[in-house]
Amino acid sequence: MILRVYDSCNGSNLSQYHLRQRARKNSFNQMKRPSLALSIFFLISVATYGQSVSRTRVRTVESTTQISTVDDRIFAERAIAALRRLENDVITYRSLGDFEAGGKLARVPLETFQTHLQETTAEVEPMLNCITYDRLKIELSNALASYRDGDFWWESISQPRVVHVSALNYNAINRAPGDNALLATVPYTVAIHWRQAAKYLKRAEQLQNRDR
């Protein structure tokens, strides 16, 4: 009898123990389900936020690029128009034979060209600083530099309107043959700079039209 009672008590205790364990597992599983759902929701929210941020960044970059392109076009058009005024002042020859046949370097006096060059430089240089397209900026900068170089050499052979006779005789006597030869080539150098400026300006226009 004692053994039976002991066995029945043990059986009852074991049954209650198993029931408690199952209840704990069920409650734990029930706790895990909301946690798992929250984790999945959190991951989905993070992924969605990351995609929205990426899209916003792409749109911002595209908008910035479009704005820069529009600004480049505006500044480039103004710079080209200003440089065209210098091109109208000078004569651009297609070949050496055309230059030798024509002989003139410009349609305006040197003083007029220098005035226009100063005005154009003051107008174009700030625009070049605002252009972000490097190739376009380089072509426009080279065109302006060519007109400056041409002006430098043109001024070196320009004769003043009033010159003392004794100064002319002194310069003619003391001038070396090499100096005379160099002076003879200066007009060709000026004409080459005009031609180079026209070439750079044409390239700038091609780049400008290509990006439209």
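The coordinates are above.
Model, not experiment: these values are computed from the prediction.

Visitor: A description of the overall build of the protein should follow, citing residues and the corresponding values.
Guide: Within the protein one finds six helices and zero strands. When the elements of the protein are put in sequence order from the N terminus, they spell out α-α-α-α-α-α. Looking at the 212 residues of the protein, the share that counts as buried comes to 22%. The long-range share in the protein, meaning contacts at least 24 apart out of those at least 6 apart in sequence, stands at 82%. Surface exposure of the protein reaches about 15,300 Å², of which carbon and sulfur atoms provide 58%.

Visitor: Please give an account of the packing of aromatic side chains that cites residues and values.
Guide: As enumerated under the stated definition, the model contains seven aromatic pairs in all. Each ring, one from tyrosine 93 and one from phenylalanine 99, has its centre 5.3 Å from the other, and the planes form 75°; the classification is edge-to-face. Given a relative accessible area of 7%, phenylalanine 99 falls into the buried group. Look at phenylalanine 152 and tryptophan 153: their rings are 5.3 Å apart centre to centre, the planes differ by 80°, and that puts the pair in the edge-to-face class. Every member of this aromatic cluster is reached through a ring pair, and the members are Phe113, Tyr147, Trp154 and Trp194.

Visitor: Give me the lowdown on helix H4 (residues 134-157), citing residues and values where you can.
Guide: The terminal C-alpha atoms of H4 lie 35 Å apart, and with 24 residues this matches the ideal 34 Å at 1.5 Å per residue to within 8%. Along H4, the residues that are buried comprise Leu136, Glu139, Leu140, Ala143, Leu144, Ser146, Tyr147, Gly150, Asp151 and Trp154.

Visitor: Account for the pattern of salt bridges, with residues named and values stated.
Guide: Under the definition given, this model contains four salt bridges. Between glutamate 87 and arginine 84 there is a salt bridge; the shortest N-O distance is 2.1 Å. Of this pair, glutamate 87 and arginine 84 are both found in helix H1 (residues 2-89), three residues apart, which corresponds to roughly one turn of the helix. Of the charged contacts, one joins glutamate 125 and arginine 148 as a salt bridge, the two residues approaching to 2.4 Å between their closest N and O atoms.

Visitor: Could you give an account of the side chain of aspartate 151, with specific residues and numbers?
Guide: Residue position: aspartate 151 is located in helix H4. Among buried Asp, Glu, Lys and Arg side chains, aspartate 151 stands out as unpaired, with arginine 148 the closest opposite charge at 8.3 Å. A distance of 3.1 Å separates a polar atom in the side chain of aspartate 151 from a polar atom in the side chain of glutamine 114.

Rules used throughout
Here, residues in each chain are numbered from 1, in the same order as that chain's written sequence. The model is predicted, so local features are restricted to residues of pLDDT at least 70 and side-chain atom pairs to those at 80 or more, both for listing and for counting; the totals for chains, interfaces and linings are taken over all residues. Only hydrogens and water are removed before side-chain values are computed, so all heavy atoms of the structure are retained for them. For the purposes of this entry, the term helix denotes a DSSP run of H or I that reaches at least four residues, the term strand denotes a run of E that reaches at least two, and both are numbered from the N terminus. Burial classification: accessible surface area is computed with a 1.4 Å probe over protein chains only, and a residue below 20% of its type maximum counts as buried, one above 50% as exposed, and the rest as partly exposed. By definition in these notes, contact holds between two residues if any of their heavy atoms fall within 4.5 Å. Computed with a 1.4 Å probe, the accessible areas rest on the Shrake-Rupley method; for each residue, only the protein chains presented here act as cover. Aromatic pairing here means that ring centres of Phe, Tyr or Trp (its six-membered ring) are within 6.5 Å. Orientation follows from the plane angle: under 30 degrees is stacked, over 60 is edge-to-face, and everything else is tilted. Take the number of residues in a helix, subtract one, and multiply by 1.5 Å to get its expected span. Salt-bridge detection follows one rule: a side-chain nitrogen of Lys or Arg within 4 Å of a carboxyl oxygen of Asp or Glu. When charges are counted, neither His nor the chain ends are considered; positive counts come from Lys and Arg and negative counts from Asp and Glu. Two N or O atoms form a polar contact when they lie within 3.5 Å of each other; inside protein one atom must be a possible hydrogen donor and the other a possible acceptor, and for residues adjacent in sequence the pair counts only when both atoms belong to side chains.

Everything listed is a geometric property; what it means functionally is a separate question.
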